[in-house]
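# Secondary and tertiary structure notes
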Amino acid sequence: MIEIHHTAVAVAPVAATFDYVDDYRHVPSWMFGITKFDPIGDQDRGLGAVYDAAMKVGPKTLDSVVKVTGWERDSVIELESIDGLYTQSRWQFEAVGETETRLTVDFRYDLPGGLAGKALGKIIEPFVAQAIRHTDATLRRQVEQGAKHSS
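How each quantity is defined
- Residues numbered from 1 in each chain as written.
- Predicted model: local features only at pLDDT ≥ 70, side-chain atom pairs only at ≥ 80, totals over all residues.
- Heavy atoms only, no water.
- Helix = DSSP H or I, 4+ residues; strand = E, 2+ residues; numbered from the N terminus.
- Contact = heavy atoms within 4.5 Å.
- Polar contact = N/O pair within 3.5 Å; in protein donor to acceptor, adjacent residues only side chain to side chain.
- Buried < 20%, exposed > 50% of the residue type's maximum accessible area, 1.4 Å probe, protein only.
- Phe/Tyr/Trp six-rings, centres within 6.5 Å; stacked < 30°, edge-to-face > 60°.

## Quick look at the environment of Tyr51
Locating Tyr51 in the fold gives a position in strand β3 (residues 50-57). With 15 residues separating them in the primary sequence, Tyr51 and Val66 have C-alpha atoms 5.3 Å apart. With sequence-adjacent residues up to four places away left out, Tyr51 is seen in contact with Tyr24, Phe37, Asp38, Pro39, Ile40, Asp44, Arg45, Ser64, Val65, Val66, Val68 and Leu79. A distance of 2.6 Å separates a polar side-chain atom of Tyr51 from the backbone oxygen of Asp44.

Below you can see the structure in the form of structure tokens.
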């Protein structure tokens with residue numbers, strides 16, 4: 001299992017930051033490599049919501065169905081794969097004053113075993129560092145822009 005831990009501070013109130021991350025329509029615009037993140041069924045957010053996701057990693061597209069397994073307004077969003085590539089993520093939101101939010105993400109994923117998993121690991125390794133930098137910068141910029149426009 002590969003694990004990633006990252007923390008950043010956005011210049012936006014915690015409610016605005018949470019609402020932005022919680023809105024599935026925004027995910028492909030800020031999460032590096034995500035090309036699809038569509039709700040399955042009528043529920044499109046909150047505990048129990050399920051999404052059909054696809055991530056492009058180099059020349060390969062990896063499919064996954066993820067379910068929201070933890071959700072507390074302005075505090076935490078947890079997702080876990082129920083089909084496809086196994087991933088698990090936990091997004092924590094913490095107010096740092098009235099106008100800043102500390103966003104902490106823990107992301108885990110499993111690669112398939114055997115030669116296919118080893119080959120995929122060689123593709124993913126350089127992708128991970130780039131994905132973290134891109135996701136962090138893009139998400140903070142978009143959340144901060146949204147907070148400025150709603151003020």
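## Some remarks on unusual backbone geometry
Of note in the backbone geometry, Asp74 takes a positive phi value of approximately 60° without being a glycine. Within the secondary structure, Asp74 is located in the loop between β4 (60-72) and β5 (76-84). Residue classification places Asp74 among the partly exposed residues on the basis of a relative accessible area of 25%.

## Concerning the packing of aromatic side chains
Following the criterion strictly, the structure yields five aromatic pairs and no others. Residues Tyr24 and Tyr51 carry aromatic rings whose centres are separated by 6.1 Å and whose planes lie at 35° to one another, so their mutual orientation is tilted. Taken together, the residues Tyr24 in the loop between α1 (14-22) and α2 (27-30) and Tyr51 in strand β3 connect sequence positions 27 residues apart. Of the two residues examined, Tyr24 and Tyr51, each falls in the buried class. Taken together, the ring pairs in this structure connect Phe18, Trp71 and Phe93 into an aromatic cluster.

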